[in-house]
Amino acid sequence: MSAATVTASKKDAKPKDNYSLKGARWWKELGWRHVVAILTIIYCLIPLLYVISVSLNPGATLTGSNRLFSSVSPENYMALGTDSKYSQYWAWILNSLIVSSVTAVGTVLMGATAAYAFSRFRFRGRRGTLTFLLLVQMFPQMLAFVALFLLLLGLQDIFPVLGLNSKLGLICVYLGGALGSNTFLLYGFFNSIPRSLDEAAMIDGATHAQTFWTIIMPLVRPVLAVVGLLSFISSLGDFVIAKVVLQQPSEFTLAVGMYMWASDSRTAPWGIFAAGAVIAAIPVVLLFQYLQKYIVSGLTSGAVKE
């Protein structure tokens, strides 16, 4: 067979289309996935639509708001800024943003430095320390709230800034609780970066600090974004630890402050409560949209064995 004949036969051959599925085969391989995705979207949207509907309904109650968007008015949102009974809302949301932002930044820095040390250096007790961090993370942080209360109560007499009713004390508690799991997540990502980069930097005369900040940190930005986002969301929505640490209403975070509104379900201002919840979700949505390009790569990278 001549070369021209072979070329002509290749041109005439139609490329195999793996996605041209029809009938029962399409439903078996692809169709059910679309059904599951649609049901999941509906399941997630119904509570969101209900909360938005309640926030736009003046004088809404839990039992009288079943009809979505039966009444639309910005009255509940305006009450958060004009009604003296709810004027502390903006102080609470500011406290939450401060605590969550500092916690996210501190978690990223502490986790990155610890993971870099475990990944690049070899020292006695390295594996034992990693195992200890893993074992500690098996117990939820809220199980230690009695010990945390007593610890902060004792520190209050010596260092009031780190004691009870202190945002800095709450931040320190969050940082300690998130160190282990984030270190493991970052540790796997650091192991995926070739050591040849460190060696090349050392040959050029760079110190470990210069290598860490100028070479390694820019390469691990995806996982840093994921760690920061997860830390921000968890600390913003935390209630149990924040309730134990913070005592005065002026220092409350948003979760603790809004709980005070809903402590009595019969007289709670559910419309204003829903409006406050919708406003509180805006920073999380904006941050998620900004970091979205890093989410998938940050969560799937670093899954390598040392």
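Residues numbered from 1 in each chain as written. Predicted model: local features only at pLDDT ≥ 70, side-chain atom pairs only at ≥ 80, totals over all residues. Heavy atoms only, no water.

1. Description of the overall build of the protein chain
A tally of regular secondary structure across the protein chain gives 14 helices and zero strands. Its helices and strands in sequence order give the protein chain the pattern α-α-α-α-α-α-α-α-α-α-α-α-α-α, from N to C terminus. Within the span of the protein chain, comprising 306 residues, buried residues form 35% of the whole. Counted over contacts in the protein chain with a minimum sequence separation of 6, partners at least 24 positions apart contribute 69%. In the form shown here, the protein chain has an accessible surface area of approximately 18,700 Å², with 68% of it arising from carbon and sulfur atoms. (Helix = DSSP H or I, 4+ residues; strand = E, 2+ residues; numbered from the N terminus. Buried < 20%, exposed > 50% of the residue type's maximum accessible area, 1.4 Å probe, protein only. Contact = heavy atoms within 4.5 Å. Areas by Shrake-Rupley, 256 points an atom, 1.4 Å probe, with all protein chains shown as cover.)

2. Some remarks on the packing of helix α7 (residues 167–191) against helix α10 (residues 221–237)
The interhelical angle for the contact between α7 and α10, taken along N-to-C directions, is 155°, at an axis separation of 11 Å. When the interaxial angle is binned, α7 and α10 end up roughly antiparallel. Both α7 and α10 take part in a crossing whose hand is right-handed. Facing α7, whose interface residues are Y174, N182, L185, L186 and F189, α10 presents V223, L224, V227 and S235. Of the residues belonging to the contact of α7 with α10, the class tally is seven nonpolar, two polar and no charged. (Axes fitted to C-alpha atoms, helices over the stretch in contact; angles between N-to-C directions. Parallel < 35°, antiparallel > 145°, perpendicular 65-115°, else oblique. Left-handed = near helix turned anticlockwise from the far one by under 90°. Nonpolar A, V, L, I, M, F, W, Y, C, P; charged D, E, K, R; others polar.)

3. Re the UniProt feature "transmembrane region" (unreviewed entry) in the protein chain
When the UniProt feature table is mapped onto this chain, "transmembrane region" (unreviewed entry) is found at residues 35–56, 89–118, 130–156, 168–190, 211–233 and 268–291. Across residues 35–56, the secondary structure splits into 95% helix and 0% strand, with the terminal C-alpha atoms separated by 31 Å. Structurally, residues 89–118 is divided into 100% helix and 0% strand, and its ends, taken at the C-alpha atoms, are 43 Å apart. (UniProt positions renumbered as here; feature names shortened; annotations may be inferred.)

4. Considerations on the confidence of the model for the protein chain
For the protein chain, the average pLDDT comes to 81, and 87% of its residues sit at 70 or higher. Taken element by element, the predicted model of the protein chain shows its lowest mean pLDDT in helix α1 (residues 3–12) (48) and its highest in helix α4 (residues 89–120) (91). Confidence over residues 302–306 falls short of pLDDT 50; this stretch has eleven contacts with residues more than four positions distant or in other chains. (pLDDT = per-residue confidence, 0-100.)

5. Things to note about the pattern of salt bridges
By the definition in use, this model includes two salt bridges. A salt bridge links D198 to R120, with the nearest nitrogen and oxygen atoms 3.0 Å apart. Here D198, found in helix α8 (residues 195–203), pairs with R120, found in helix α4; they are 78 residues apart in sequence, far enough to count as distant. The closest approach of N and O atoms between K167 and E251, which form a salt bridge, is 2.7 Å. A residue pair is termed long-range when its members are at least 10 positions apart, and K167 in helix α7 and E251 in the loop between α11 (240–245) and α12 (254–261) qualify at 84 residues. (Salt bridge = Lys/Arg side-chain N within 4 Å of Asp/Glu carboxyl O.)

6. Structural notes on helix α5 (residues 126–136)
When α5 is considered as a whole, its buried residues turn out to be R126, L130 and L133. Here the buried residues of α5 occupy an arc of 60° about the axis, which is enough to place them on one side. For α5, exposure combined with an orientation more than 90 degrees from the buried face picks out R127 and F132. Its buried side turned inward, α5 meets α4 and α7. (Arc of directions from axis to C-beta.)

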